[in-house]
Amino acid sequence: MDNNNEKNEEVEESEVEAKDDAAVVDDDDYELLDFTSRVYKLVVEHGKEGVLQSELWKKLSLTSRDGSRLAIRLEKRGMIKREKVLDGGRWTYKLSPLRLPAQIKSIEQAPCITCTEEIKCAPTGVITPYTCLTLAEWVTREYLKSQNVSPTQEAIYNKIFTQKV
Ligand code: SF4
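Cut-offs and rules
- Residues numbered from 1 in each chain as written.
- Predicted model: local features only at pLDDT ≥ 70, side-chain atom pairs only at ≥ 80, totals over all residues.
- Near = placed C-beta within 6 Å.
- Nonpolar A, V, L, I, M, F, W, Y, C, P; charged D, E, K, R; others polar.
- Pairing = 2+ DSSP bridges.
- Helix = DSSP H or I, 4+ residues; strand = E, 2+ residues; numbered from the N terminus.
- Contact = placed C-beta atoms within 7 Å.
- Axes fitted to C-alpha atoms, helices over the stretch in contact; angles between N-to-C directions.

### Digging into the site of the ligand
Taken together, P111, C112, C115, E117, E118, C121, I127, P129, C132, T134 and L135 make up all the residues around the ligand. For the shell around the ligand, the class distribution of residues is eight nonpolar, one polar and two charged.

Dropping the structure here:
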């Protein structure tokens, strides 16, 4: 094993992590946000066994820098686990989902995956899932669909604000 390779990989990862910590999502990041959802979907598709991140970056034609940034975001959201593994003499990360949804389709459109406010969103923050209308709309829309009720804007708002359908 080449120690320099190992060190370089670790340095590269920590640099990406440090930059990600300081990052504020701006309007130009929408393409990257779309990739966040695609990365998560692929990780979930590989199930508990997990998948080497390099495989995902190849599939999505992502650079390792952009890919690592997305993986770190998903890890911080508590959606995936990043486990350091040795592969062919190089240190890399295996990604696996922390929770497996009953169906991938059920979370594919979840607004939190691509939300630009996610970095600031927390249970005790100013922006919080407890008062998020976007999240409430999505959950209500999915609920209405599961009940075979047409999820019109009126039905969604009635359900959210008056608990009537
Ligand atoms: S709860 Fe709302 S604000 Fe928070 S990450 Fe999800 S969509 Fe964004």
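### Considering the sheet that holds strand β2 (residues 80-87)
With respect to topology, three strands assemble into an open sheet ordered β1-β3-β2, the strand pairing being antiparallel. Each edge of the open sheet carries a strand with a single partner, namely β1 (51-52) and β2. Packing against the sheet, helix α4 (residues 64-76) makes contact with β2 and β3 (90-97), and its axis sits at approximately 135° to β2.

### Re unusual backbone geometry
Outside of glycine, negative phi angles account for most residues, and trans bonds account for most peptide bonds. Positioned with a positive phi, S61 is a non-glycine residue whose angle comes to about 50°. With respect to the helices and strands, the residue S61 is situated in the loop between α3 (53-59) and α4. The phi torsion at N148 lies on the positive side, around 60°, for a residue other than glycine. Secondary-structure assignment places N148 in the loop between α6 (133-146) and α7 (153-162).

None of this, on its own, says anything about what the molecule does.
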